[in-house]
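# Working through the structure, step by step
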Amino acid sequence: MKNLFSNIRFYILLFSVALSIGTLITSSTPYQLTQVFAFLAVGFLYFALLIGPTTYIFTWLPFRGQMIKARRAIGVSAFYFAFLHMLSALNYLGGITTILSLPLQQQIPFMFGSIALDILFLMAITSSDKAVRILTFPKWKLLHRFVYLAQILITLHVFLVGKDFAHKFSPIPILAYVAILLLTTLQVLAFFKHKQQQVPHAQT
C-alpha cells in the first residue's frame, strides 16, 4: 500500500477518474460531454506520445525519470477517456444502428476511431511490468508500436468528424497543426538519434 501511494501512476489514474466524474457532473448536454471526453482522450494521448521523444532527445530535462514512469498511466488514461468518448458519442448519436445506417463514406471516420480505440485498449491492458514479463520485452515493444497507427487514425477521425475542423484555418485547427508538427518533428529527431547511436555498435 505504501508503494501505491508513492507511485506517480496511481495519482495520474486517480486524477483521471476524478476528472471524468467532474466532466459528467458539469457537462450540460450529451454533445458537450462527447466533445470534452474527446478533448481529454486526445490530450492525454498527445502527452503520452510526447514524453518518449522529448525525454530521449533532451536527457537534461528535470523530472525526466518521473515523466518516463508516468507515461504508461497517461496512456491508460487516454484509453479511459477515449472509451468514455465512445459511450457518450453512441448515446448522443442514438446508438450503433444510427452510425451503421449512414452512407459508407460517412462511416469511415467512425471506423478509424474504433480501430484506434482497439489499439489503445491493447496498450492499456499491457501497460504493466507483469505484461512485459509475460510477453517478453521485444514482443511488448512491437505491440506498443501500434500506438503510432492509432495516432494516425485518431488524427484522421478528429479532422473528419470534429465540427471545429470544418474551417481549416480557424484557431483550433491551426493549434492542432502546430501540435502535430511539434510531435512529428520530435519523433523524427528521436528516430535519427536512435539510428546514430546504433552505428558504433554495428561496427564493433
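Parameters at a glance
- Residues numbered from 1 in each chain as written.
- Predicted model: local features only at pLDDT ≥ 70, side-chain atom pairs only at ≥ 80, totals over all residues.
- Heavy atoms only, no water.
- Patch = residues over 30% accessible without salt bridge, like charges linked within 9 Å, V, L, I, M, F, W, Y side chains within 5 Å.
- Areas by Shrake-Rupley, 256 points an atom, 1.4 Å probe, with all protein chains shown as cover.
- Salt bridge = Lys/Arg side-chain N within 4 Å of Asp/Glu carboxyl O.
- Helix = DSSP H or I, 4+ residues; strand = E, 2+ residues; numbered from the N terminus.
- Buried < 20%, exposed > 50% of the residue type's maximum accessible area, 1.4 Å probe, protein only.
- Axes fitted to C-alpha atoms, helices over the stretch in contact; angles between N-to-C directions.
- Parallel < 35°, antiparallel > 145°, perpendicular 65-115°, else oblique.
- Left-handed = near helix turned anticlockwise from the far one by under 90°.
- Nonpolar A, V, L, I, M, F, W, Y, C, P; charged D, E, K, R; others polar.
- Expected span 1.5 Å × (residues − 1).
- Bend = angle between axes of the 7 residues up to and from the residue.

## Some points on a nonpolar patch on the surface
A cluster of nonpolar side chains, contributed by I152, L156, L160 and V161, occupies part of the molecular surface with about 340 Å² of accessible area. Here V161 lies in helix α9 (residues 147-161). By relative accessible area, which is 35% here, V161 ends up partly exposed.

## Details of the packing of helix α3 (residues 30-57) against helix α4 (residues 64-93)
Each packed pair of helices is defined by two parameters, the angle between the axes and the distance between the axes. At a closest axis distance of 7 Å, the pairing of α3 and α4 adopts a crossing angle of 155°. Between α3 and α4, the crossing angle belongs to the class labelled roughly antiparallel. Seen along the crossing, α3 lies across α4 with a hand that is left-handed. Tallied by class, the residues present in the contact of α3 with α4 amount to 22 nonpolar, 8 polar and 2 charged.

## As for α4
Taking 1.5 Å as the rise per residue, α4 with 30 residues should run 44 Å; its terminal C-alpha atoms sit 42 Å apart, in good agreement. The principal kink in α4, of about 35°, is found at R71. Within two residues after α4, G94 carries a phi angle of roughly 100°, on the positive side.

## Examining unusual backbone geometry
Positive phi outside glycine occurs at F63, with the angle close to 60°. With respect to the helices, strands and loops of the structure, F63 is situated in the loop between α3 and α4. Its relative accessible area of 68% is what places F63 among the exposed residues. In this structure, T136 is a non-glycine residue whose phi angle is positive, near 75°. Inspection of the secondary structure puts T136 in the loop between α7 (129-135) and α8 (137-144).

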